[in-house]
Amino acid sequence: MQQIFNFIFKNSNRLLFLLLLGISLSLTIQSHSFHRSKIISSANFLSGGVYEKINSVSEYLNLKTQNEALVLENAKLKSLLFNRKDTTVVAKLDSIKGVAPKDILVSKVIHNSYNVHENYLTLNSGSNQGVKPDMGVINSLGIVGVIDDTSPNYSTVISILNTKSIINAKIKKSNHFGSLIWNGKSTGFVQLIDVPRLAAVRKGDTIVTGGQSVIFPENINIGTIDKIEIDNQTHYYTITVKLFNDMTNLGHVYILKGKNQEEIYNLEKKEKDE
Amino acid sequence: MNSTLLINIFRFILLLAVQIIIFNNMNFLGYVSPFPYILFIILYPVNANRSGLLLASFFIGVVMDMFSNSGGVHATACLVLAYYRPYLFKFSFGLSYEYQTVKLNDVLTPERFTFILLSVVIHHFILFTLEAFQVTFFSDILLRALLSTIFTIIICIVIIYLIKPNKR
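Here we summarise the structure given alongside this text. (Residues numbered from 1 in each chain as written. Chains lettered and ligands numbered in written order. Predicted model: local features only at pLDDT ≥ 70, side-chain atom pairs only at ≥ 80, totals over all residues.)

## Describing the pairing of strand E9 (residues 206-209) of chain A
Residues and elements named next belong to chain A. Taken together, the three bridges between strand E6 (residues 167-171) and E9 define a ladder with antiparallel strand orientation. Along E9, the bridge assignment pairs Ala-169 with Thr-209. Inspection of the sheet shows E9 paired to strand E10 (residues 221-230) by three bridges, in the antiparallel sense. Bridging across to E10, Val-208 finds its partner in Asn-221. (Pairing = 2+ DSSP bridges. Helix = DSSP H or I, 4+ residues; strand = E, 2+ residues; numbered from the N terminus.)

So, in structure tokens, the structure goes:
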């Protein structure tokens, strides 16, 4: 017994080091494992609060670009409104799918990262405002990411510029599906993989979100095709997509609150358990 | 409460604040960012409590991870640096480093520069390796670590000169 105590006292530094190393390595590995929320994230009262304070100062610096983005979005919505065939008829709700399946929450990006392989954003609304993990985040130009973790007043978003993110996307013209990933190289480009070779793709075609995911509704803009490569081993296309969004300059974003998202998840979970 | 402890607590908070508010937003060429917050570990007194340093550097890393959403990457890198610090001292200042009080915030000698260089290289290499966590990014890791090391060292030396107490 004495010897055990002696050993512990003699090697206390080494044991402390190994203990802390074990904790930090497990935190690291846990954060890299796919689709599991982190133990330590910036969605908390301390870092969220600090980022909100910093953002309240720095948002003045890009008021101009934010205003321009808003004016452009207004113009787009106005043109939709004016170009309707009959302005007196209110659009019918989709009777097969039920009433308006999405609610929209407005939120603000208070911290943005784009210089590492796994990028996350921090938003200033959380579970008190009804944000839940796995909701989609978009802005006026296109998709931004998917909610990862929430705290009462803040939430973190897995940016599309994250090597862990996989989003279902399709070519707008031909409805061929693929998965949208990021190879960690450039902030302006993402990759669309697993597009079958019989799909007709051309440079400049628009890529939009596909209807297979519960997170995003169909036909939300992502970007245009910049480069097309054929993978010789799998015979699928690997398409480089130029994003509409400038991910390095994000202001206000919209969180898509799917009304029947939870129901679909529960149903799929039940299926799996059986 | 002695003054060394107070100075270190003050340094802990100040360096973290400066890192988070200013240096985390610096992205030179899109991916080179400096991490001068490790000055806390570098400048920690030579003969002070070692387990205290281990705990403090673990916590400074955890706070950094919290703010940059990186899991436990900074914590691991800081912890390893803190643990191997005595060996780095021995390497750069010779065996008798414990008896002569080494003061880092003084005139820059080759020994001091070697120590800072080695510390920054070790920290950054572990940091970027764990951050990418994939062998396919290896050339990318090396490039990032190299460029960030240069950037961090320049800023560290500037900070050391700025906070150096004036003796005249």
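## Concerning helix H5 (residues 110-132) of chain B
End to end, H5(B) covers 33 Å across 23 residues, agreeing with the expected 33 Å (1.5 Å per residue, within 8%). Among the residues of H5(B), B:Arg112, B:Phe115, B:Ile116, B:Ser119, B:Val120, B:His123, B:His124, B:Leu127, B:Phe128, B:Leu130, B:Glu131 and B:Ala132 are the ones counted as buried. Of the surrounding secondary structure, the elements contacted by the buried residues of H5(B) are helix H2 (12-32) of chain A together with helix H2 (39-43), helix H4 (73-93) and helix H6 (138-163) of chain B. (Expected span 1.5 Å × (residues − 1). Buried ≥ 20, exposed ≤ 12 C-beta atoms within 10 Å, placed from the backbone. Contact = placed C-beta atoms within 7 Å.)

## A look at the nonpolar core
Grouped together as the largest cluster of nonpolar side chains are 44 residues, with contacts concentrated most on B:Ile38, B:Phe40, B:Cys78 and B:Leu79. Every element with two or more residues in this core is listed here: H2 of chain A together with helix H1 (3-21), H2, helix H3 (50-68), H4, H5 and H6 of chain B. Top contributing element to this core by residue count: H3(B), with ten residues. Aside from chain neighbours lying at most four places away, what touches B:Phe40 is B:Arg11, B:Phe12, B:Leu15 and B:Ile60. (Core = buried A, V, L, I, M, F, W, Y, C linked by C-beta atoms within 7 Å.)

## Quick word on the interface of chain B and chain A
Reports of interface size often rely on the accessible area that becomes lost once the parts have come together. Between chain B and chain A, the contact holds 30 residues from the first and 28 residues from the second. At the level of secondary structure, the elements contributing two or more residues to the side of chain B that touches chain A comprise H1, H3, H4 and H5 of chain B. Ranked by residues supplied to the side of chain B that touches chain A, first place goes to H3(B) with ten residues. Within the side of chain B that touches chain A, the residues separate by chemical class into 16 nonpolar, eleven polar and three charged. (Nonpolar A, V, L, I, M, F, W, Y, C, P; charged D, E, K, R; others polar.)

## Description of the pairing of strand E7 (residues 177-181) of chain A
All names here are of chain A. As defined by bridge partners, E6 adjoins E7 across four bridges and the pair is classed as antiparallel. Note that in E7 the partner of Asn-168 across the bridge is Ser-179. Connecting the antiparallel pair E6 and E7 is a turn made up of five residues, with Asn-175 showing a positive phi of about 65°. With three bridges connecting them, E7 and strand E8 (residues 189-196) associate as antiparallel partners. In the sheet register, Leu-180 faces E8, and the bridge partner there is Leu-192.

## Structural notes on the sheet that holds E7(A)
Residues and elements named next belong to chain A. Ordered by their spatial adjacency, six strands build a closed barrel running E6-E7-E8-E11-E10-E9, and the pairing between neighbours is antiparallel. Adjacent strand axes in the sheet meet at a mean angle of 40°, parallel and antiparallel pairs treated alike. For E8 and strand E11 (residues 236-243), the ladder comprises six bridges, and the chain directions are antiparallel. Residue pairing in the sheet places Val-195 in a bridge with Tyr-237 of E11. (Axes fitted to C-alpha atoms, helices over the stretch in contact; angles between N-to-C directions.)

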